[in-house]
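# Observations on chain architecture
Read off the chains here:
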Amino acid sequence: MSAPEIRHRYDVIIAGARCAGAATAMLLARKGASVLMVDPLPRGRDTLSTHALMRGAVFQLHRWDLLESVRASGTPAVRATTFHYGDERITVPIKEKDGVDALYAPRRTVLDPILVEAAEAAGAEVVHGVAVVDLLRDDDGRVTGAAIEGAGMPTRHVAAAMVIGADGVRSRVARMAGAQLEYSMPHAAASIYGHWPGLSVEGYHWHFSPGVGSGAIPTNDGHTCVFAGISQREFQEGRSEGLLPLYLRALRQSAPELADAVAGVRESVKLRAFAGVPGFLRRSTGPGWALVGDAGFFRDPLTAHGITDAFRDAELLVRAISEGSEEALERYRTVRAEVTRGLMDVTDRIASLEWDMDEVQALHLTLNREMNVGLDLIRTYGAGKDRSPGIASTAAA
């Protein structure tokens, strides 16, 4: 399918077509906004991710009428989550609520295209191989659009009432907009993971021992994503010996049975590594621009809630844009900060890997309470299908 012709003006331009950007584009388009979403990478390209969706994300996919597509892709249903604290094992069944009776962990090669296709079906224009390279401003400094370019395409200036950065931790939009850092964390864990075939793993499993966190997450095509989180110091010191010895050593420390299972796999499995980035909260709105997903808020992936956070914030931002006022956008910034600060603090403490078994159990109880704050918030939202006159008034501003 050929890329759509890029017009001269849209209500909203979104940089980044991953979970946060695609969900935002879909919700805005369903409300009647004209949306251009661009991404420099090819459609469906894989990305660093442990895939796990928590209840909030599954609830939103259900409400957006996309959960059946995730199921149809062959993503296995997760009926229980098990926490392993040394030799202690605590299993939490997934109870039916809000139309959700299971969790899912789709590969990003599955989930991202589902969201992009839903955005297109709603009327958003999506162009891959193209990036936002600059922001356009009026004489007062307000962002009024973006300069975009791609291979073989001259730079084009496209007008928009709002430019949204959904372009990840190292967001170019955030940098160009001058988004200030509002809150930062001191810790970051390094992660190593691979997708292993043939493991007999039912449900999510999280393993903890002093200095190490690991997990097993069933995903598509009969594979299980098995990850190990270790300190950045250990990662840097052990990296020279290769990822596999470092990975297996961490698994043997935290989950010996899991280490034996992956060591017994005869197929070649590519390991991927993330050296770690400390959590942060950037200012997420300004005149004519906004940030969503990791571009504005990032916390360590050891707690595996990044996609769930992205979906929540997409709804927060779309609700604010739909109201069509600067006050609503400022409310997006403040509410987002309020709902994430507690999550950031407890995640940072877990990512420090400087806890004993009693403390990490208490931290997970706190994490669950903080997650429920965000879940309660999105329960109050509509399904995102109503057309809103607020966007039209924003576009005309």
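Quick note: structure is the one above.
These numbers were taken from a predicted model, which means no experiment stands behind them.

Cut-off values and rules
Residues numbered from 1 in each chain as written. Predicted model: local features only at pLDDT ≥ 70, side-chain atom pairs only at ≥ 80, totals over all residues. Heavy atoms only, no water. Helix = DSSP H or I, 4+ residues; strand = E, 2+ residues; numbered from the N terminus. Buried < 20%, exposed > 50% of the residue type's maximum accessible area, 1.4 Å probe, protein only. Contact = heavy atoms within 4.5 Å. Pairing = 2+ DSSP bridges. Core = buried A, V, L, I, M, F, W, Y, C linked by side-chain atoms within 4.5 Å. Salt bridge = Lys/Arg side-chain N within 4 Å of Asp/Glu carboxyl O.

## Quick word on the environment of P76
By the element assignment, P76 lies in the loop between helix 3 (67–72) and strand 3 (80–85). When its relative accessible area of 26% is taken as the criterion, P76 is described as partly exposed. Dropping the residues within four chain positions of it, P76 is found in contact with L103, Y104, P218, T219 and N220.

## As for the pairing of strand 8 (residues 153–165)
Sheet analysis places strand 1 (residues 9–15) next to strand 8, joined by 6 bridges and oriented parallel. When the bridges of strand 8 are listed, A15 appears paired with G165. Here strand 8 runs beside strand 17 (residues 289–291); their pairing, made up of 3 bridges, is parallel. Paired with V163 across the bridge in strand 17 is W289.

## A word on the nonpolar core
Side chains of nonpolar character tend, in soluble globular proteins, to be buried together. Counting residues in each nonpolar core, the largest one holds 83 residues, and the members touching the most others are L61, I164, W206 and F311. Those residues in contact with L61, other than ones at most four positions away along the chain, are L53, L66, L67, V70, L111, L115 and F311.

## Regarding the pattern of salt bridges
Inspection of the entire model under this criterion finds 25 salt bridges. D376 serves as the salt-bridge partner of R379, at 2.6 Å between the closest nitrogen and oxygen. Here D376 and R379 lie together in helix 11 (residues 357–379), a separation of 3 residues that amounts to about one turn. Overall, the relative accessible area of 27% leaves R379 in the partly exposed class. Note on D376: relative accessible area 44%, which makes it partly exposed. Several salt bridges converge on common partners, so that one network encompasses R299, D309, R312, D313 and R336.

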